[in-house]
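# Commentary on secondary and tertiary structure
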Amino acid sequence: MQVAIIGFGFMGEMHAQIYQALADVELAAVVDINTSGAKEKLTSLGLDIPVYATLCELITECEVQAIDICSPTGQHIELAVEAAEAGKHLFIEKPLAFDSAGCKQIETAIEKAGVFAQVGHCIRFWPEYMALKSTIESGELGALKSLSLTRRSARPGGGNPQHWVNDVTLSGGAAFDMHVHDTDFVLHLFGLPQSVFSSTTQGMSGPDHIFTHYKYADVVVQAEGGWDYPQQYGFYMGFEAIFADGSLAYHSNAEATLTLTKKDQATVLVAVQQPGPKESGTSSGNISSLGGYFNELEYFTDCLKANKAPEIATIAQASDTIRVLCAELASSQSGNSTTV
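Only a predicted model underlies this, so the values are computations on that prediction, with no experimental measurement involved. (Residues numbered from 1 in each chain as written. Predicted model: local features only at pLDDT ≥ 70, side-chain atom pairs only at ≥ 80, totals over all residues. Heavy atoms only, no water.)

### Here's the deal with the packing of aromatic side chains
Rules: Aromatic contacts are taken between Phe, Tyr and Trp rings whose centres are within 6.5 Å, Trp giving its six-membered ring; a plane angle under 30 degrees counts as stacked, one over 60 as edge-to-face, and the others as tilted. The helix and strand labels rest on DSSP assignments: H or I over at least four residues marks a helix, E over at least two residues marks a strand, and numbering proceeds from the N terminus. Relative accessibility under 20% of the residue-type maximum defines a buried residue, over 50% an exposed one, and the middle range a partly exposed one, all with a 1.4 Å probe and only protein chains included.
Enumeration over the complete set of coordinates arrives at ten aromatic pairs. Taken together, a centroid distance of 5.3 Å and an interplanar angle of 80 degrees make the contact between F98 and F176 edge-to-face. One end of the pair, F98, is in the loop between strand 5 (89-93) and helix 5 (100-113); the other, F176, is in helix 8 (residues 173-190), with 78 residues separating them in the sequence. The partly exposed category is assigned to F98, whose relative accessible area is 25%. What links up through ring pairs into an aromatic cluster is the set Y129, F185, F239 and Y250.

Okay, here's the thing in structure tokens:
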């Protein structure tokens, strides 16, 4: 199976390394406006493949079965529609789009073309978060009472105001670029909430930090995420799940990242399998492990090999995530709860 990547920044490099590690999958080409820079990165990864400046050039000159879109979010609609119309299966990095109308444009093009698609909501595939879902479903700790999710980072791009992620029209700010992970995982666990209540702090790229309470009938769920920390802060993600008979906690920067505490027992480390290469070879970005990224792309390419549509991180699911995230931002602006 031959795949091409559009956009060869941090995420494009990460995906390239995964395609190198996957069986019977070949990275055949890259599309990036900075062709010379992309070629240098490919050389450092030991890859000698074509680099095109536009998707049109790729479609005309190179035969691939799937296209992996890692470009800024503001470009997703145009690129996804063009690729779908060319009959290419699609992996689209999160977030899918900035609003429900944009999601619908992509969904319509994919349905009309009859191609398969998956969205890069990697937390659904992250080993520690998969362990949380499994623990909830097994009932081994009793009913889940509350869940808190956290995602924090220094401002991306080294704090450079000219970096694309700091342009709210290209990235959507921290809500769309970071917090969307946790919104999506909340929906993955519990489905659509009844309503959301959110507050934000503002910065040069719009909402720099968002705090949300998701209303469900039988569990308390909250999440917060932002990139308004000093450059020395680095990156952190985690969760704390409180059950009737214990707790499960994940702290990405701790030596023992995932810990389980059962009622009247000492806290123990929970071992999870980290698939694929253990470390990324790129020096950029905030995550070095390829585990969750590997899982999602292995799942995507396995689905294509089996000629079946992905059932996890689908276009419809990603569209629901954007619907909820837009409700969160509406709540933060109105100061009231917003029905989803």
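### As for the sheet that holds strand 2 (residues 26-31)
The strands making up a sheet are joined through hydrogen bonds of the backbone, oriented either antiparallel or parallel. The line we're drawing: Should DSSP find at least two bridges between two strands, the strands are regarded as paired.
Ordered in space as 3-2-1-4-5-6, the six strands form an open sheet in which the pairing is parallel. Strand pairing shows two members of the sheet lacking a second neighbour, strand 3 (51-52) and strand 6 (117-120), which therefore form its edges. For strand 4 (residues 66-69) and strand 5, the ladder comprises four bridges, and the chain directions are parallel. Considered in strand 5, the bridge of D68 is made with F91.

### A word on the confidence of the model for the protein chain
The following threshold applies: Think of pLDDT as the predictor's per-residue confidence, scored from 0 to 100. Residue contacts are defined here by distance: any two heavy atoms, one from each residue, within 4.5 Å place the two residues in contact.
Mean pLDDT over the protein chain works out to 93, with 95% of the residues at or above the 70 mark. Long-range and interchain partners of residues 282-288, a stretch whose pLDDT sits below 50, account for 19 contacts in this model, where long-range means more than four residues apart.

### Quick word on the nonpolar core
Just so we agree on the cut-off: For this analysis, a nonpolar core means a set of buried residues of the types Ala, Val, Leu, Ile, Met, Phe, Trp, Tyr and Cys, connected via side-chain atoms within 4.5 Å.
Residues V30, Y129, L132 and F239 are the most contacted members of the largest nonpolar core, which totals 63 residues. Examining the composition of this core, we find that six residues originate from one element, helix 8, more than from any other. Among residues more than four places away in sequence, those in contact with L132 are L147, F185, L189, F239, A241, F243 and L248. In terms of nonpolar packing, the next biggest core, distinct from the first, is built from 37 residues, I67, L79, I322 and L329 among them.

### Description of helix 4 (residues 76-85)
Turning to helix 4, its buried residues number three or more, namely H76, L79, A80, V81, A83 and A84. As for helix 4, its buried residues are in contact with strand 1 (2-6), helix 3 (55-61), strand 4, strand 5 and helix 5. Of the residues flanking the end of helix 4, it is G87, one or two places downstream, whose phi is positive at about 80 degrees.

### Some points on the pairing of strand 13 (residues 258-262)
In this structure, strand 12 (residues 246-251) lies alongside strand 13, joined through five bridges in antiparallel fashion. Counted as the bridge partner of G246 is K262 from strand 13. Summarising the sheet, strand 13 and strand 14 (residues 268-269) pair through two bridges and their orientation is antiparallel. Directly across from L260, in strand 14, lies its bridge partner V268.

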